[in-house]
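A structural walkthrough
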Amino acid sequence: MIALESAGLPLPGETVLIGAAIYARSNSVIHLEYIIFAAASGAIIGDNLGYFIGYKFGFSALRRYGPGLGLPLQKQRLIQYLFYKWGGLVVLFGRFITLLRVFAALMAGASHLPFLRFFFYNALGGVLWAACFGYGAYILTENFEKVQSPTAKIAFVILLIGLFFIWRFYKKNAQRLNEESEALFANGFPPN
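Since we're looking at a predicted model, the values are computed, not measured.

**Side note on the packing of helix α2 (residues 13-26) against helix α3 (residues 32-65)**
- At their nearest, the axes of α2 and α3 sit 9 Å apart, and the two run at 165° to each other. With respect to each other, α2 and α3 are oriented roughly antiparallel. Crossing geometry of α2 relative to α3 is assigned as right-handed. In this structure, α2 contributes L17, A20, A21 and A24 to the contact, and α3 contributes L32, I35 and A39.
- Partitioned by chemical class, the residues of the contact of α2 with α3 number 7 nonpolar, no polar and no charged.

Structure, rendered in structure tokens:
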């Protein structure tokens, strides 16, 4: 399921990983390391499949169906520009953001992110994601009462502040980023 989610299908891969880690904690039939290995492998394989689908069909599919899906040409160009400029980091951190996790590989391929750079950040993100969520669910199952501690509340507030600053950065720099992406496209990007 994680491989299919990573290839672009909106499936609950993260939920499956967390559920499997909790099951491993409560039952000694399966070891957590096997779950993390399977999750990381599925994420890497699925993302590679999504990358090649995006590379082959993504650019033309975006042009044709994007506006009907709420992605007008300007947003498409902005997405491609962001992958051009920070593609590896988008792939790495996108692994930890639900909706981006589903579409990051497809968009990386459609944006013609160089494959070796994609593969490195994809593999790193897949392993870190599987380990963080696998071990995190496993440990939190043991210490569930501590989740409601002040530490958890502080972590939640930090997450909200981080999301606010990402949103603020986008709002503050949207015009500049759109202008930079338009300039890049005026110079013949992306290569076909």
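**What about the packing of α3 against helix α5 (residues 98-110)?**
- The geometry of α3 relative to α5 is characterised by a closest axis approach of 6 Å and an angle of 60° between their N-to-C directions. As judged from the angle between their axes, α3 and α5 are oblique. Like other packed secondary-structure pairs, α3 and α5 cross with a definite hand, here right-handed. Residues D47, G50, Y51, I53, G54, Y55, G58, F59 and L62 of α3 form the contact with α5, whose own contacting residues are R101, A105, L106, M107, A108, G109 and A110.
- Along the lines of polarity and charge, the residues of the contact of α3 with α5 split into 10 nonpolar, 4 polar and 2 charged.

**What about helix α4 (residues 73-94)?**
- Taking 1.5 Å of rise per residue, the 22 residues of α4 would be expected to cover 32 Å, yet its terminal C-alpha atoms sit only 22 Å apart, more than 12% below that figure.
- The principal kink in α4, of about 100°, is found at W86.
- Residues Q76, L78, Q80, Y81, F83, G87, G88, V91, L92 and G94 constitute the buried set of α4.

**Quick look at empty space enclosed by the protein**
- Using the criterion set out here, one finds 1 cavity of 30 Å³ or more in the structure.
- Of the pockets and cavities examined, the largest cavity occupies roughly 70 Å³.
- For the largest cavity, the lining is made up of 13 residues, of which D47, V91, R95, A104 and N122 are closest to its centre.
- Elements supplying a minimum of two residues to the lining of the largest cavity: α4, α5 and α6 (115-142).
- Here the lining of the largest cavity gets 5 residues from one element, more than from any other, and that element is α6.
- Its residues assigned to classes, the lining of the largest cavity shows 6 nonpolar, 4 polar and 3 charged.

**Thoughts on the layout of surface pockets**
- In this structure, the largest pocket encloses a volume near 1100 Å³.
- For the largest pocket, the lining is made up of 22 residues, of which L82, V90, L100, I166 and Y170 are closest to its centre.
- The set of elements that each furnish at least two residues to the lining of the largest pocket consists of α4, α5 and α7 (150-186).
- No other element matches α4, which puts 10 residues into the lining of the largest pocket.
- Along the lines of polarity and charge, the residues of the lining of the largest pocket split into 20 nonpolar, 1 polar and 1 charged.

Rules used throughout
- Residues numbered from 1 in each chain as written.
- Predicted model: local features only at pLDDT ≥ 70, side-chain atom pairs only at ≥ 80, totals over all residues.
- Heavy atoms only, no water.
- Axes fitted to C-alpha atoms, helices over the stretch in contact; angles between N-to-C directions.
- Helix = DSSP H or I, 4+ residues; strand = E, 2+ residues; numbered from the N terminus.
- Parallel < 35°, antiparallel > 145°, perpendicular 65-115°, else oblique.
- Left-handed = near helix turned anticlockwise from the far one by under 90°.
- Contact = heavy atoms within 4.5 Å.
- Nonpolar A, V, L, I, M, F, W, Y, C, P; charged D, E, K, R; others polar.
- Expected span 1.5 Å × (residues − 1).
- Bend = angle between axes of the 7 residues up to and from the residue.
- Buried < 20%, exposed > 50% of the residue type's maximum accessible area, 1.4 Å probe, protein only.
- 1 Å grid on protein atoms, 1.4 Å probe; cavity = no way out; pocket = protein on both sides within 12 Å on 5 of 7 lines; lining within 4 Å.
- Points joined across faces, edges and corners; volume = space filled by probe spheres on them.

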